[in-house]
Amino acid sequence: MVVSVDDRCLRLTDDSGERGVLLGMRCPHCGVCVFGPATFCQSCTSPDLEEIELSSEGTLYSYTIVRVPPPGWPGPVPYVLGEVELSEGPHVLAEVVDCAHDDLKVGMAVSLALRTVAMDGAEDSERVVYKWRPA
Ligand SMILES: [Zn+2]
């Protein structure tokens, strides 16, 4: 079984976990979008938010190379943590994969990359996480 790491942020669109879309909330009054769940608009405070599917393409806004990972980090170290700007406006933080450190450039085009990681304590289950890779 594959499940989204957080179904308020990432909706899987097939059973294999290879396809999915990022989710956000959009304010119908001022048009501001955010990534993930929200209960009111951060711009105009309206509670009338609607869920939207966000773009799977973005541009690298900023990045850092992480040499001391958070506890429980399952991947290789060092790794690249990227802040990616989507066309709808939200910034999404996630690991940047498949890119040599020397090739990283602010402003480069990136696209969503889904990866599966083993879930703690559940042998047959995998968790799908979202990352970025060069477009
Ligand atoms: Zn608003």
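It should be noted that the structure appears before, not after, this text.
Residues numbered from 1 in each chain as written. Predicted model: local features only at pLDDT ≥ 70, side-chain atom pairs only at ≥ 80, totals over all residues.

**Remarks on unusual backbone geometry**
Working step 1: A cis amide bond links Val 77 to the next residue, Pro 78, at an omega of 0°.
Working step 2: Following the sequence through the fold, Pro 78 ends up in the loop between strand 6 (57–66) and strand 7 (79–86).
Working step 3: The backbone of Thr 45 shows a phi angle near 65°, a positive value even though the residue is not glycine.
Working step 4: Note that Thr 45 resides in the loop between strand 4 (33–35) and strand 5 (50–53).
Working step 5: Backbone geometry at Asp 98 places phi at a positive 60°, although glycine is not the residue there. (Helix = DSSP H or I, 4+ residues; strand = E, 2+ residues; numbered from the N terminus.)

**Concerning the environment of Cys 41**
Working step 1: Inspection of the secondary structure assignment puts Cys 41 in the loop between strand 4 and strand 5.
Working step 2: Cys 41 gets classed as buried once you count the C-beta atoms within 10 Å, which come to 21.
Working step 3: For the pair formed by Cys 41 and Cys 30, sequence separation is 11 residues and the distance between their alpha carbons is 8.7 Å.
Working step 4: Sequence-distant contacts of Cys 41, defined by excluding residues within four places in its chain, comprise Cys 27, His 29, Cys 30, Val 32, Ser 46 and Leu 49. (Buried ≥ 20, exposed ≤ 12 C-beta atoms within 10 Å, placed from the backbone. Contact = placed C-beta atoms within 7 Å.)

**Topic: the nonpolar core**
Working step 1: Leu 22, Phe 35, Val 84, Val 92, Val 110 and Trp 132 are the most contacted members of the largest nonpolar core, which totals 21 residues.
Working step 2: Of all elements in the fold, only strand 3 (20–26), strand 4, strand 6, strand 7, strand 8 (91–96), strand 9 (109–119) and strand 10 (122–134) reach the threshold of two or more residues within this core.
Working step 3: When near neighbours in sequence (up to four residues on either side) are disregarded, Leu 22 contacts Cys 9, Leu 10, Phe 35, Leu 54, Ser 56, Val 92, Leu 112 and Tyr 130. (Core = buried A, V, L, I, M, F, W, Y, C linked by C-beta atoms within 7 Å.)

**Quick notes on the pairing of strand 3**
Working step 1: Strand 3 sits mainly inside the fold: five of its seven residues count as buried.
Working step 2: Where strand 2 (residues 10–12) lies against strand 3, three bridges are found, and the strand directions are antiparallel. Bridge pairing in strand 3 links Leu 12 to Gly 20.
Working step 3: As paired strands, strand 3 and strand 5 are joined by four bridges and run antiparallel to one another. From the neighbouring strand, Met 25 faces strand 5, where its bridge partner is Glu 51.
Working step 4: Sheet topology places strand 3 next to strand 4; three bridges connect them, and they run antiparallel. Paired with Gly 24 across the bridge in strand 4 is Phe 35.
Working step 5: In sequence, strand 3 turns back onto strand 4 through a hairpin of six residues, with Gly 31 there showing a positive phi of about 85°. (Pairing = 2+ DSSP bridges.)

On their own, these measurements won't tell you what the molecule is for.
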